[in-house]
Amino acid sequence: METIKVQDVAVNDLPWRIEYHAERCTRCGSCVASCSFNAIEVVVQRQSMTVSEQNQPSPVRRQLALAIIKQKKDLAYMCRGCGMCERVCPNNAIRPVRNPDDRKALLSRDNGPIKRGGRTNLNAQRTLDSIIVGRISQMTDPALDSVRHTFDIRAPFGRVLSPRELPLTVSGDKLEMAHRTPPVRWIYPLIFSDMSIGALSTRAWEAVALATAYLNEKCNLPVRMSSGEGGMPVKLLESEYLKYFIIQIASGHFGWNRIIKAMPHMVTDPGGILIKIGQGAKPGDGGLLPEAKVAEHVQAIRGVPKATLSSPPNHQGLYSIEESVQKMHLSLNAAFGFRVPVAVKCAASATSVAVYHNLLRDPYKICGGFFIDGIQGGTGAAAEVSLDHTGHPVVSKIRDCYLSAVRQGLQGQIPLYGGGGIGLTGNAAADAFKMICLGANGVFCGKVLIQLLGCIGNEKGRCNACNTGKCPTGICTQDPRLVKRLDVDRGAQKIVDYVLAFDKELRKLMAPIGNSSLPVGRSDALVSTDKAVADKLGIQYVC
Amino acid sequence: MCRIGAIKSKVPVHPSKALHLMLPQQEGYDNSGFAMVMQDLYGVFSQYKDKPLLSMACTREGARLVEEYMDKHHFTQLAAWVPVPDKQPNLNIEALPFYIFRNYDYPEFVKEPEAREALLLDTRLALRRMLEETGEGYVYSFWPDVLTLKEIGDPRDIATYFHLWDDNGCLLAKNIIVQCRQNTNYDIVRYAAHPFFLQGYTLCANGENTFFTKNTEFQKSLFRGYIGFESDSQNFLYTLHYVLHELKWPISYYKHVITPLPFSELAQRPDRDVLMTIRQSLAHLEINGPNTIIAGLPDGRMMTCCDSKKLRPVVVGGDGEMVAISSEVCGINEILPNRDTSKDIYPNEREVVVINQDLEVERWKQ
């Protein structure tokens, strides 16, 4: 009997297996060349074959040496299921197939915790899909016409004062402003959320930025894009387009050296500042950019050497919400002359309501938005244990925060933005609409954008290799050969088209409930087919 | 769909005039109730215009409870008008045993106008709470020179019951706001019938407010008098009261609160900073849906406007002695047949029409 070393990794231990049909293969080598993970190789295999080479059948048994494509039996080079081989194969000779019996989770911790990118693969349940827009105008009031009527689809970004705090004085039959109020921008309720240059390839980031500018300049949709923690190109910082961008500051302060140096040369104010305290995909963890992705231009923008860049889990020197408001909010507000809204992004947590309460009581009125990022948010790199086992769903958290503000009569004063899983199934408009009815002013999304660019990752373990620098779609890598796979213009166009459809779909949802402006907090428009969800969110249960 | 109407006249008129305004507008089973608020009263109340008038409907026990409460809280009864009903058989009316309209004098120690306003509100709220707990009646208004009558049934029969067809000189007013339908979409609750009244502000609405939930959630925290919410139309009244009475803003800003201009139009306005600020801070008071309102203000002026898509009609017509506002022109044709119809006003979706004490009509676009 053959001796077997059971500790050796076998192909049937891996999460994806390569299904290869040698008889269809032309040996062109495209699949091997396209596999950025080096998961397959060309090997010569001895095969015993019966062949017939004469005009009449004359079967002869032969021993042949054949070149074939073979999957590597190595966790370091495991197939990620990205399917690039299948895309390039001219003869449908090869494709990855999910292995239901894989043992990867058990075997791949030899060098410490498993790291990957993407979203949680364990908690991808869809609360929003059990919610339906169920309050339709029928007879008692007319539904609007989503095509003919005008709709005011805008969301506030900035600190809104209560009516009694407004510096309005009566002069004759007019009101006049006695002094200015905190800056508030009315933006499109869909924010392109924070994916840094570094996490994304420069070209992918550029595609998102292009789409942002196009939507603003040509489509009259004031979509804002957050820079992510990693700075921005100086040329962009010093351009008119800066007004479409929300500059992020996170615990590593990456990129801020350049931003501060560019400030005297800015010709317009940025759209906003976003202080990132935490992120839904890996709450309690700082940003992580593996060394493999710290290419030269990333080093330049961030002002760092080639090394793994780990942002601390906390902003150094902050130990309370009040202090964060006093130090960070105040200094960032001051930096831009109190003209630019400053918002904060936290990972959804059991404590989110407490944080929101505290911010609502800020006496300086300088917190211009509360972004809550749920467990289904994506990331470029994190420990798998964080991705799958830490975090908090965002839907009920937005609702909790909104209702707690309602109880105090403070709803709307710090706009709520929800993210993390928006568009998880591709239907971002429906997700956004339901979040808005539950109390969000708007939503932010990231993963769906890169999926529009071509990312093939999903929540069932497909690809999830954003951390490796080997992104097969050229989106989450700095390898110039891979980045070439991304067509920036076509990518940007996909995003623009998607947002234009998103806008039309929002109207399609607003019209039947008879609303011409966003139904923020209109929970009466929603029903749920899940009793527990209905009870938790305070909406009608239907069956 | 309900119809709403109002009459503002130089000469005091009987409630029958309001009924004649409303009845031609009946469609289907619209006429399921009768409710009116009369302001600037003459007839039996003409001597007590500065004294608060309590309007209520109740049981005998309810009447006793209210009397006891008012005595205990130092209100002195000055006069009362208790209609003797015409209890003909087969009248379609769900009458309560007693309808009480009673003038009181203020407690001696309350002298300041603002303190008196607050006291009247708090007293009405306390009476309502008390009667609600025991199920003994309904209190609709408690305010000087204002009378409210509401009942369920056919408006013609209700008018017969209260002798409103008699034009006997008891009930007369220069301002009447009226509506002839109960809330047929939900359980019929007397408090849900328009017009609604709060501290001198009266409001009737025809239509739907699809932002009921967000309006209500916000209004609950704004002022103690914003209660009930039995109808989505109460939101209109509370916002009117909040903008004019609480924030003390000019009347032109009411429309900017309930149907703000689209952002694209706001950006073009010279007063965009003020309007944007209002839209931001009062976002939860915005009204959506098809609707028209008629409002009466404490100083006797009347106002009408409609939703920003103009999905519900309203028309204003007058002859110099009387102005009528009505959902449909047939009602005005009935009571003002000889007016110059070319001067009728059909307010547009951005327009506000105000009729002042001299019946001058002021109209503007927001």
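All residue numbers refer to positions counted from 1 along the written sequence of the respective chain. Following the order in which they are written, the chains are lettered starting with A and the ligands numbered starting with 1. Note on the predicted model: pLDDT of at least 70 is required for a residue's local features to be given, and 80 or more for side-chain atom pairs to be given and counted; whole-chain, interface and lining totals, by contrast, use all residues. Side-chain metrics rest on all non-hydrogen atoms present in the structure, leaving aside hydrogens and water.

## Quick word on the overall build of chain B
Secondary structure elements follow DSSP: runs of H or I of four or more residues count as helices, runs of E of two or more count as strands, with numbering from the N terminus. Each helix and strand in chain B was counted, giving 10 helices and 16 strands. This radius of gyration counts C-alpha atoms alone. The globule rule is 2.2 Å times how many residues there are, raised to the power 0.38. Computed over C-alpha atoms, the radius of gyration of chain B comes to 20 Å, within 12% of the 21 Å expected from 2.2 N^0.38 for 366 residues, which places it in the range of a compact globule. In terms of overall dimensions, chain B has a C-alpha envelope of 60 × 45 × 40 Å along the principal axes. Each residue's exposure class comes from its accessible area (1.4 Å probe, protein chains only) as a fraction of the maximum for that residue type: buried when under 20%, exposed when over 50%, partly exposed otherwise. Taken across its 366 residues, chain B has 64% of its residues classed as buried.

## Section: the sheet that holds strand β6 (residues 131-133) of chain A
All names here are of chain A. Any two strands with at least two DSSP bridges between them are considered paired. The strand order β6-β22-β23 describes an open sheet built from 3 strands, whose pairing is mixed. If you trace the sheet from one side to the other, it starts and ends with β6 and β23 (540-541), each paired once. Where β6 meets strand β22 (residues 526-528), 3 bridges bridge the pair, whose relative direction is antiparallel. Considered in β22, the bridge of Ile132 is made with Val527.

## Here we look at the sheet that holds strand β5 (residues 98-105) of chain B
All names here are of chain B. Strand order in the open sheet made by the 4 strands is β4-β5-β3-β6, with antiparallel pairing throughout. At either margin of the open sheet sits one strand with a lone partner, and together these are β4 (76-81) and β6 (137-144). Direction aside, neighbouring strands of the sheet carry axes that sit 25 degrees apart on average. As paired strands, strand β3 (residues 52-58) and β6 are joined by 7 bridges and run antiparallel to one another. Paired with Leu54 across the bridge in β6 is Phe142. By the convention used here, residues are in contact when the closest approach between their heavy atoms is within 4.5 Å. Here the axes come from fitting lines to C-alpha atoms, over the contacting stretch only for helices, and the angles between their N-to-C directions go from 0 to 180 degrees. Strands in contact with helix α2 (residues 60-72) are β3, β5 and β6; relative to β3, the strand with the most contacts, it is inclined by about 150 degrees.

## A word on the UniProt feature "binding site: [4Fe-4S] cluster 2" (unreviewed entry) in chain A
Residue and element names in this part refer to chain A. According to UniProt, the "binding site: [4Fe-4S] cluster 2" (unreviewed entry) feature falls on Cys35, Cys79, Cys82 and Cys85. Across 51 residues, the annotated set stays spatially compact, with a maximum C-alpha separation of 10.5 Å. Structurally, Cys79 is set in the loop between β3 (60-71) and α2 (84-88). Overall, the relative accessible area of 7% leaves Cys79 in the buried class. What Cys79 contacts, discounting residues up to four positions off in sequence, is Pro15, Trp16, Ile18, Ala39, Gln71 and Pro96. Topologically, Cys82 is positioned in the loop between β3 and α2. UniProt positions are given in the numbering used here, feature names are shortened, and annotations may be inferred rather than shown by experiment.

## Focus: the interface of chain A and chain B
Counting from both sides, the interface comprises 44 residues of chain A and, opposite them, 37 residues of chain B. Two parts lose some accessible area (1.4 Å probe) when they are put together, and adding that loss for both gives the buried area. Counting the surface lost from both chain A and chain B, the interface buries some 3400 Å², and carbon and sulfur atoms represent 56% of this. The largest contributions to the chain A side of the interface with chain B come from Pro163(A), Leu175(A) and Trp186(A), which together make up 18% of the buried area. Think of a salt bridge as a Lys or Arg side-chain nitrogen and an Asp or Glu carboxyl oxygen that are within 4 Å of each other. Here chain A and chain B share 3 salt bridges between them. Whenever two N or O atoms come within 3.5 Å, that pair is a polar contact, provided that in protein one can donate a hydrogen and the other can accept it, and provided that, for residues adjacent in sequence, both atoms are side-chain atoms. Where chain A meets chain B, there are 14 residue pairs in polar contact (both at pLDDT 80 or more). When residues of the side of chain A that touches chain B are traced back to their parent elements, those giving at least two are β8 (168-171), β9 (174-177), β10 (184-187) and α11 (395-408) of chain A. In terms of residue count, the dominant contributor to the side of chain A that touches chain B is β9(A) (4 residues). Of the residues in the side of chain A that touches chain B, the class split is 19 nonpolar, 15 polar and 10 charged. Residues are grouped as follows: Ala, Val, Leu, Ile, Met, Phe, Trp, Tyr, Cys and Pro are nonpolar; Asp, Glu, Lys and Arg are charged; all remaining types, including Gly, are polar.

## A look at the nonpolar core
With 109 residues, the main nonpolar core has Phe192(A), Phe370(A) and Ile475(A) as its most contacted residues. The dominant element in this core, judged by the number of residues it contributes, is helix α15 (residues 488-510) of chain A, at 9 residues. Discounting chain neighbours no more than four positions away, the residues touching Phe192(A) are Val208(A), Thr212(A), Leu215(A), Val223(A), Arg224(A), Met225(A), Ser226(A), Cys445(A), Leu449(A), Ile495(A) and Val499(A). In these notes, a set of buried Ala, Val, Leu, Ile, Met, Phe, Trp, Tyr and Cys residues joined through side-chain atoms within 4.5 Å is what counts as a nonpolar core. Among the nonpolar cores identified, the runner-up in size contains 63 residues, and Leu96(B), Phe101(B), Cys170(B) and Ile335(B) belong to it.

## Here's the deal with the UniProt feature "binding site: [4Fe-4S] cluster 1" (unreviewed entry) in chain A
Residues and elements named next belong to chain A. When the UniProt feature table is mapped onto this chain, "binding site: [4Fe-4S] cluster 1" (unreviewed entry) is found at Cys25, Cys28, Cys31 and Cys89. Taken together, the annotated residues stretch across 65 residues yet fold into one region, lying no more than 10.3 Å apart by C-alpha. Checked against the element boundaries, Cys25 lands in the loop between β1 (16-20) and α1 (30-34). In contact with Cys25, not counting residues within four places along its chain, are Tyr20, Ile69 and Ala93. Its place among the elements puts Cys28 in the loop between β1 and α1. For Cys28, a relative accessible area of 45% gives the class partly exposed.

## What about the domain arrangement of chain A?
All names here are of chain A. Segment limits for the domains were obtained from an automatic or database-derived domain assignment. Here chain A is described as being made up of domain 1 (11-112) and domain 2 (186-514). Using C-alpha coordinates to define each centre, domain 1 is positioned 40 Å away from domain 2. Opposite the 13 residues of domain 1 that make contact, domain 2 presents 16 residues. Across the domain 1/domain 2 interface, buried area totals approximately 1100 Å², and carbon plus sulfur atoms make up 49% of it. When residues of domain 1 are sorted by the area they lose upon contact with domain 2, Ser36, Phe37 and Arg80 head the list and together hold 39% of the total. Viewed at the interface, domain 2 and domain 1 are joined by 1 salt bridge. Between Glu384 and Lys104 there is a salt bridge, and its shortest N-O distance comes to 3.9 Å. Taken together, the connections running from domain 1 to domain 2 amount to 6 residue pairs in polar contact (both at pLDDT 80 or more).

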